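In case you want the letters, here they are:
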There are 2 protein chains.
Amino acid sequence: MTGTRWLDDDEQQAWRGLLAATARIDRLLDEQLQRDSGMPHAYYMVLVALSEQPGRACRMSVLAERTMSSQSRVSHAVARLEERGWVRRDPSSSDRRGKLAVLTEEGRRALREAAPGHVEQVRRVVFDRLTPAQVQQLREITSAITAPADDDTDEGDTPCDGANGRSL
Amino acid sequence: MTGTRWLDDDEQQAWRGLLAATARIDRLLDEQLQRDSGMPHAYYMVLVALSEQPGRACRMSVLAERTMSSQSRVSHAVARLEERGWVRRDPSSSDRRGKLAVLTEEGRRALREAAPGHVEQVRRVVFDRLTPAQVQQLREITSAITAPADDDTDEGDTPCDGANGRSL
């Protein structure tokens with residue numbers, strides 16, 4: 001184990017802090033969305049990603065990237081959302097084998113109704129606790145962490161179809 | 001929906017950055033630990049938490065808090081770790097109904113062998129990308145997020161049995 005670059009005390013505290021903060025955020029966002037809107041945060045992110053696309057439609061593979069999820073998990077989520085009538089699956093016009101996930105009117109309404117409570121929880125759990133300077137710092141820190149490494153081959157912020165938008 | 005405190009552009013970018021960074025960290029830490037040590041990050045955290053306790057033993061309920069997990073998930077993890085011989089379950093001497101999870105010698109060895117590769121990955125994915133000032137900022141930001149709210153009743157950094165220690 002010689003040569004291992006162990007974390008020093010500051011790094012150790014930052015690392016444990018990051019693990020604890022993300023666990024807390026995950027738990028409290030899920031609790032609020034499940035309680036008030038009957039969906040986990042992962043489903044909410046699928047609805048948001050679709051709502052931001054032109055035609056509110058997106059290929060499944062791209063939807064997985066946009067929601068930072070695996071293909072199997074996003075397929076599972078879309079199947080559940082389809083059962084609720086919030087998403088439907090259409091054949092893709094540009095890709096014979098591909099399927100498009102499409103946000104339905106009911107899905108838009110569910111998202112619209114869930115959003116205010118969700119953003120209030122995001123504020124309560126994260127932004128009400130940070131100064132404006134810390135918000136900037138968090139932006140720069142997370143941007144450094146998500147920047148592709150030189151040897152990354154699997155990264156990139158792939159747009160669903162070149163759109164941009166806002167979820168909150 | 002009047003009165004909703006929507007996120008401004010800076011907050012929106014910080015929030016999306018945080019979601020993307022934590023998804024990336026989760027994925028890359030799991031990939032490395034699965035590939036090189038045959039365990040997910042959640043199991044690694046259980047081994048670390050136990051290794052830091054006096055007698056390397058901890059009540060299941062406290063272990064769930066220490067690993068920021070639910071009781072059902074930590075029970076599942078401990079059952080899997082027991083099958084590998086890395087953890088065993090003993091009756092608690094102080095609590096008739098309770099069970100203690102205990103790190104075995106094999107578990108200590110597995111943790112010792114996994115740690116150098118894991119810390120190298122933590123450096124690669126997080127700390128090699130941050131300046132020392134950003135490490136301090138991250139510490140303060142995550143500390144603000146994890147501080148109990150005035151109306152929190154379920155929080156607190158409960159020690160397994162009053163010990164402290166280091167995982168990396």
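Every chain's residues receive numbers from 1 upward, in the order its sequence appears when written. Chains and ligands are labelled sequentially in the order written, the chains with letters from A and the ligands with numbers from 1. In keeping with the model being predicted, local features are shown solely for residues with a pLDDT of at least 70 and side-chain atom pairs are shown and tallied solely at 80 or more, while totals for entire chains, interfaces and linings include all residues. Only hydrogens and water are set aside; all other atoms, that is, all heavy atoms of the structure, feed into the side-chain values.

> What's the story with the interface of chain A and chain B in this structure? I'm lost.
Interface size is commonly expressed as the accessible area that is lost once the parts come together. Contacts between residues were defined by any pair of non-hydrogen atoms, one from each residue, lying within 4.5 Å. Listed per partner, the contact involves 67 residues of chain A and 67 residues of chain B. In short, buried area is how much 1.4 Å probe accessible area vanishes from two parts on joining, totalled over both. At the boundary of chain A with chain B, total buried surface from both sides reaches about 6,300 Å², with 59% on carbon and sulfur atoms. Broken down residue by residue, the surface that chain A buries against chain B is led by A:R5, A:W15 and A:I145, which jointly contribute 11%. Here, a salt bridge means any Lys or Arg side-chain nitrogen found within 4 Å of an Asp or Glu carboxyl oxygen. For the pair chain A and chain B, the number of links is 10 salt bridges. The shortest N-O distance in the salt bridge between B:D10 and A:R139 comes to 3.2 Å.

> Looking at this structure, how should I read the relation of the copies chain A and chain B?
Both copies of the chain are related by a screw-like operation: a rotation about an axis and a shift along it. Here the copies are superposed with least squares, the fitted atoms being C-alpha atoms of residues at a pLDDT of at least 70 in both. After a rotation of 180° and a shift along the axis of 0.0 Å, chain A superposes on chain B with an RMSD of 0.0 Å. Here the copies are linked by what is in effect a two-fold axis.

> Would you mind going over the sheet that holds strand β2 (residues 87–91) of chain A with me for this structure?
Each strand in a sheet pairs with another by means of backbone hydrogen bonds, the pair being arranged parallel or else antiparallel. Residue and element names in this part refer to chain A. By this definition, two strands are paired if DSSP reports at least two bridges between them. Strands here are runs of E lasting at least two residues and helices are runs of H or I lasting at least four, both read from the DSSP assignment and numbered beginning at the N terminus. Read from one edge of the open sheet, 3 strands run β1-β3-β2, paired in antiparallel fashion. Of all the strands in the sheet, just β1 (57–59) and β2 have a single pairing partner and so form its edges. Between one strand and the next, the sheet's axes are offset by a mean angle of 30°, whatever the strand orientation. Relative to strand β3 (residues 99–103), β2 runs antiparallel, the two sharing 5 bridges. Among the inter-strand pairings, P91 is bridged to a residue of β3, identified as K99. Strand contacts of helix α4 (residues 71–83): β2 and β3, with the helix running at about 110° to β2, the strand carrying the most contacts. Between the N-to-C directions of two axes lies an angle of 0 to 180 degrees, each axis being a line fitted to C-alpha atoms and, for a helix, fitted only over the stretch in contact.

> Just checking my understanding: could you explain the packing of helix α1 (residues 9–37) of chain A against helix α1 (residues 9–37) of chain B for this structure?
When two helices pack together, their arrangement is given by the angle between the helix axes and the distance between those axes. Where α1(A) meets α1(B), the axes come as close as 12 Å, and the angle between the chain directions of the two elements is 110°. The pairing of α1(A) with α1(B) is recorded here as roughly perpendicular in orientation. Crossing angle aside, the handedness with which α1(A) passes α1(B) is left-handed. Here A:W15, A:L18, A:T22, A:I25 and A:L29 of α1(A) come into contact with α1(B), specifically with B:W15, B:L18, B:T22, B:I25 and B:L29. Under the grouping applied here, Gly and all other residues not named as nonpolar or charged are polar, the nonpolar ones being Ala, Val, Leu, Ile, Met, Phe, Trp, Tyr, Cys and Pro and the charged ones Asp, Glu, Lys and Arg. Looking at the contact of α1(A) with α1(B), its residues break down into 8 nonpolar, 2 polar and no charged. Angular relationships are summarised with four words: roughly parallel below 35 degrees, roughly antiparallel beyond 145, roughly perpendicular across 65 to 115, and oblique for the angles in between. In this scheme the handedness of a crossing depends on how the near helix is turned from the far one: anticlockwise by less than a right angle means left-handed, clockwise means right-handed.

> Even after reading the chapter, I still don't get the nonpolar core, so can you show me in this structure?
Nonpolar side chains in soluble globular proteins tend to be buried together. Core analysis: the largest hydrophobic core is formed by 40 residues, its most contacted members being A:W15 and B:W15. Going through the elements one at a time, α1, α5 (105–125) and α6 (132–146) of chain A together with α1, α5 (105–125) and α6 (132–146) of chain B are the ones with two or more residues in this core. We define a nonpolar core as any set of buried Ala, Val, Leu, Ile, Met, Phe, Trp, Tyr and Cys residues linked to one another through side-chain atoms lying within 4.5 Å. Buried means the residue's accessible area, taken with a 1.4 Å probe over protein chains only, is under 20% of the maximum for its type, while exposed means over 50%, and partly exposed covers the values in between.

> Would you mind showing me how to read the pattern of salt bridges here?
Any two side chains of opposite charge can pair, so long as their charged atoms come close to each other. Summed over the entire model, instances satisfying the criterion amount to 24 salt bridges over all chains. A salt bridge links A:D36 to A:R35; the shortest N-O distance between them is 3.1 Å. Its relative accessible area of 48% is what places A:D36 among the partly exposed residues. Judged by its relative accessible area of 60%, A:R35 is exposed. Linked through salt bridges whose partners overlap, the residues forming this network are A:R5, B:E120 and B:D128.

> When you look at the confidence of the model for chain A in this model, what are you seeing that I'm missing?
Low pLDDT marks regions whose predicted coordinates should not be analysed in detail. All names here are of chain A. Within a predicted model, pLDDT stands for the predictor's per-residue confidence, ranging from 0 to 100. Summarising the model, chain A shows a mean pLDDT of 89, and 88% of its residues fall at 70 or more. Counting contacts from residues 155–167, a segment whose pLDDT is below 50, to residues more than four positions away or on other chains yields 32 contacts. This complex was scored by the predictor with a pTM of 0.86 and an ipTM of 0.87.

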